[in-house]
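Examining the three-dimensional arrangement
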Amino acid sequence: MDNPNPKISIITTFYNSVKLGDFVHRAMKSLLNQTYENIELIIIDDGSKDNSVVKIEEMIDLCEKRFTRFDFRSR
């Protein structure tokens, strides 16, 4: 039986996103505004030295409410 709403998995990695135009933060905002419901978002920071992690952490509550699964990892 086909699932009418298959899960969409989005995985992104980044390093110093703020210095590069804050692309991860902008991508997250875009994903939050999608109308499709069954989305999981996994974000991995690769040891950023700028303010990238703080920007992502500010959006954790929104992401946990919006996505069927949200995982943020930072080293």
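Residues numbered from 1 in each chain as written. Predicted model: local features only at pLDDT ≥ 70, side-chain atom pairs only at ≥ 80, totals over all residues. Heavy atoms only, no water.

Section: the overall build of the protein chain
- Looking only at helices and strands, one finds three helices and three strands in the protein chain.
- When its helices and strands are written in sequence order, the protein chain yields β-α-β-α-α-β.
- When its C-alpha atoms are laid out on the principal axes, the protein chain stretches across 45 × 20 × 20 Å.
- When burial is assessed residue by residue, the protein chain has 39% of its 75 residues classed as buried.
- In the protein chain, the proportion of contacts linking residues at least 24 apart, taken out of those at least 6 apart, comes to 82%.
- Accessible surface, the protein chain as shown: approximately 5100 Å² in total, 51% of it carbon and sulfur.
- Taking the average place of the 11 positive charges on the side chains of the protein chain and the average place of its 12 negative ones, the gap between the two points comes to 3 Å. (Helix = DSSP H or I, 4+ residues; strand = E, 2+ residues; numbered from the N terminus. Buried < 20%, exposed > 50% of the residue type's maximum accessible area, 1.4 Å probe, protein only. Contact = heavy atoms within 4.5 Å. Areas by Shrake-Rupley, 256 points an atom, 1.4 Å probe, with all protein chains shown as cover. Lys, Arg positive; Asp, Glu negative; His and termini not counted. Charge placed at Lys NZ, Arg CZ, Asp CG, Glu CD.)

Examining the environment of Lys-7
- Within the secondary structure, Lys-7 is located in the segment before β1 (8-14).
- Excluding residues within four positions of it along the chain, Lys-7 makes contact with Asn-38, Glu-40 and Thr-68.

What to know about unusual backbone geometry
- The phi angle at Asn-16 is positive, at roughly 55°, despite the residue not being glycine.
- Here Asn-16 is to be found in the loop between β1 and α1 (23-32).

Section: the environment of Tyr-36
- Mapped onto the elements, Tyr-36 comes out in the loop between α1 and β2 (39-45).
- The spacing of Tyr-36 and Asp-22 is 14 residues in sequence and 24 Å in space, taken between C-alpha atoms.
- Filtering out sequence-adjacent residues up to four positions away, Tyr-36 remains in contact with Asn-5, Pro-6, Ile-8 and Arg-66.
- Looking at Tyr-36, its side chain comes within polar contact range of the main-chain oxygen of Pro-6, at 2.4 Å. (Polar contact = N/O pair within 3.5 Å; in protein donor to acceptor, adjacent residues only side chain to side chain.)

What to know about the nonpolar core
- The biggest cluster of nonpolar side chains holds 15 residues, and the ones touching the most others in it are Met-28, Leu-41, Ile-43, Cys-63, Phe-67, Phe-70 and Phe-72.
- When residues of this core are traced back to their parent elements, those giving at least two are α1, β2, α2 (52-57) and β3 (69-74).
- Ranked by residues supplied to this core, first place goes to α1 with four residues. (Core = buried A, V, L, I, M, F, W, Y, C linked by side-chain atoms within 4.5 Å.)

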